[in-house]
Amino acid sequence: MKKVFSSSWGQLEKGGSNVGDEAIFASQVRDISSLDGIRIGVMSAVPEKTEKVYDVKPFDVSKGKLRAMTRGVRWSDVVIVGGGELAQDRSSLLYTPFNLHPIRLARRYNKPAFAWSVGIGQGNELARWTPGQLRKWLGYCSGVTVRDRSSLETLLDLGLNPEKVRLASDSTFTLAGDYAQPHGTSEILGVAVRNVSNRQGNILPLEIRKKLGFYREPDVTGIRREWANLLDRHIDIHGGEIRFFPFHTGSLSNSDDFECEAVMAMMKHSDRATVIMPTGIRKFLTSISECRVILTVPLHGSILSVVTGTIPIAVPYASKGYRFMEEAGIAGLAIDSSSDSWGEELSVLLERTWDTSQNILQVLAEKRSELAEKCTMNLELFRQTCLQP
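Residues numbered from 1 in each chain as written. Predicted model: local features only at pLDDT ≥ 70, side-chain atom pairs only at ≥ 80, totals over all residues. Heavy atoms only, no water.

Draft legend 1. The arrangement of the packing of aromatic side chains in detail. Going through the model one piece at a time under the given rule, you end up with ten aromatic pairs. Their ring planes at 70° and their centres at 5.9 Å tell us that F114 and W116 sit as a pair that is edge-to-face. This pair shows no difference in class: F114 is buried, exactly as W116 is. Taken together through their ring pairs, the aromatic side chains of F5, F59 and W75 make up a single cluster. A cation over a ring is seen here: K57 above F59, with NZ or CZ 5.4 Å from the ring centre. Above the plane of the ring of W354 lies R292, whose end atom (NZ or CZ) is 4.2 Å from the centre. (Phe/Tyr/Trp six-rings, centres within 6.5 Å; stacked < 30°, edge-to-face > 60°. Buried < 20%, exposed > 50% of the residue type's maximum accessible area, 1.4 Å probe, protein only. Lys NZ or Arg CZ within 6 Å of the ring centre and 35° of its normal.)

Structure follows, in structure tokens:
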């Protein structure tokens, strides 16, 4: 029995959820479990639930994430980091070191490591010391798969062995076969908002700043009003319903559920809107698949829309959002959130996309299949580099 420890998913707190991380882990479990003789381990704040839902060995984080991570690495035969954005230094200067720490532990305990479907921040999203750390620790890995071409070019420019680095796609495209391509006639508009004003390159991550009482919410009333007006305008023209999708929930995270409720409370058509809480990953993704279009700030709002056959319009707060839209062949469906006229631009783009959704879906279906095919490289390179005798 080969024991594989994945650092991809560990809920921040009981009662909270990170849909992107859980979808990544669910896809990893599906892929890795297709191989014979594998036992998977993962960090979790709800170990009993994690073991029941995914049939994996959970490592309880209640006494500390680093302690749980160390226990998981020591238990394992192979260590996986990722998927997701492995390196960026905008949300916290501890973000990248924490994500690379399982590789340090793997080296300390003489275990092979693998980076699974990762993304790498670009330009000023990386501190000046981060490229050297990536060269060192990803260079230790037996294999690395990346989810976008810019991340691939960054790692190759750092001097990583091109035989060990492969372009794949986000690991959640393993789940794409579960959802039929719709015809673009749904009357449901999805929206995933997020308050990203905390991304200022602080040393401590948001959850720790909140615990210590260092964080004060800035006034984002104007942004919320812009969202509410846009959604009301859509209902005035097209009718239908609005579904809010909070991708992060819990008092210590970005609290997308709070943000969704705040925007909905400002809407005159709030009776036509619903917040879909992430009570189960399958139910949540099915609800996304029932939308015609989803307006999304979080990256995995865009990714999981394409996975489930829905058209995303992205309002990214980091390069990873634009990088994915380019990989999906729909870069024209992204709005620059730093623009003073972002709300007006988004409204125009939504109207055009809503009216031409069936044509867009025909184009998107081909890219969706292509990304699902690329996704198989994650498991294939892992098998070749980490599981061969």
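Draft legend 2. Region of the structure containing a negative patch on the surface. There is a patch of like negative charges on the surface, built from E226, D336, E344 and E345. Counting through the fold element by element, D336 comes out in the loop between α12 (319-327) and α13 (342-355). Look at D336 and you get partly exposed, because its relative accessible area is 36%. (Patch = residues over 30% accessible without salt bridge, like charges linked within 9 Å, V, L, I, M, F, W, Y side chains within 5 Å. Areas by Shrake-Rupley, 256 points an atom, 1.4 Å probe, with all protein chains shown as cover. Salt bridge = Lys/Arg side-chain N within 4 Å of Asp/Glu carboxyl O. Lys, Arg positive; Asp, Glu negative; His and termini not counted. Charge placed at Lys NZ, Arg CZ, Asp CG, Glu CD. Helix = DSSP H or I, 4+ residues; strand = E, 2+ residues; numbered from the N terminus.)

Draft legend 3. Structural detail: the pairing of strand β9 (residues 188-192). With five of five residues buried, β9 lies mostly within the body of the structure. Residues I188, G190 and A192 line one face of β9 and the alternating positions L189 and V191 line the opposite face, and both faces are buried. Here β9 pairs with strand β10 (residues 241-244) via four bridges, running parallel. Bridging across to β10, G190 finds its partner in R243. Direction of pairing for β9 relative to strand β13 (residues 293-296): parallel, over a ladder of four bridges. By the bridge assignment, V191 is partnered in β13 with L295. (Pairing = 2+ DSSP bridges.)

Draft legend 4. Just the side chain of Q88, in detail. Among the structural elements, Q88 can be located in the loop between β5 (78-87) and α4 (95-108). A polar contact is formed between the side chain of Q88 and the side chain of S91, at a distance of 2.7 Å. (Polar contact = N/O pair within 3.5 Å; in protein donor to acceptor, adjacent residues only side chain to side chain.)

Draft legend 5. Fine view of the nonpolar core. Formed by 81 residues in total, the largest nonpolar core has its most connected members in W227, L231, F244 and L295. Ranked by residue count, the leading element in this core is helix α14 (residues 357-386), at nine residues. Leaving out residues up to four positions away in the same chain, L231 has contacts with L189, V191, I242, F244, V263, M267 and L295. Core analysis: the next-biggest nonpolar cluster, separate from the first, contains 34 residues, A45, A68, V73 and L138 among them. (Core = buried A, V, L, I, M, F, W, Y, C linked by side-chain atoms within 4.5 Å. Contact = heavy atoms within 4.5 Å.)

Fair warning: the whole summary comes from geometry, so function is off the table for now.
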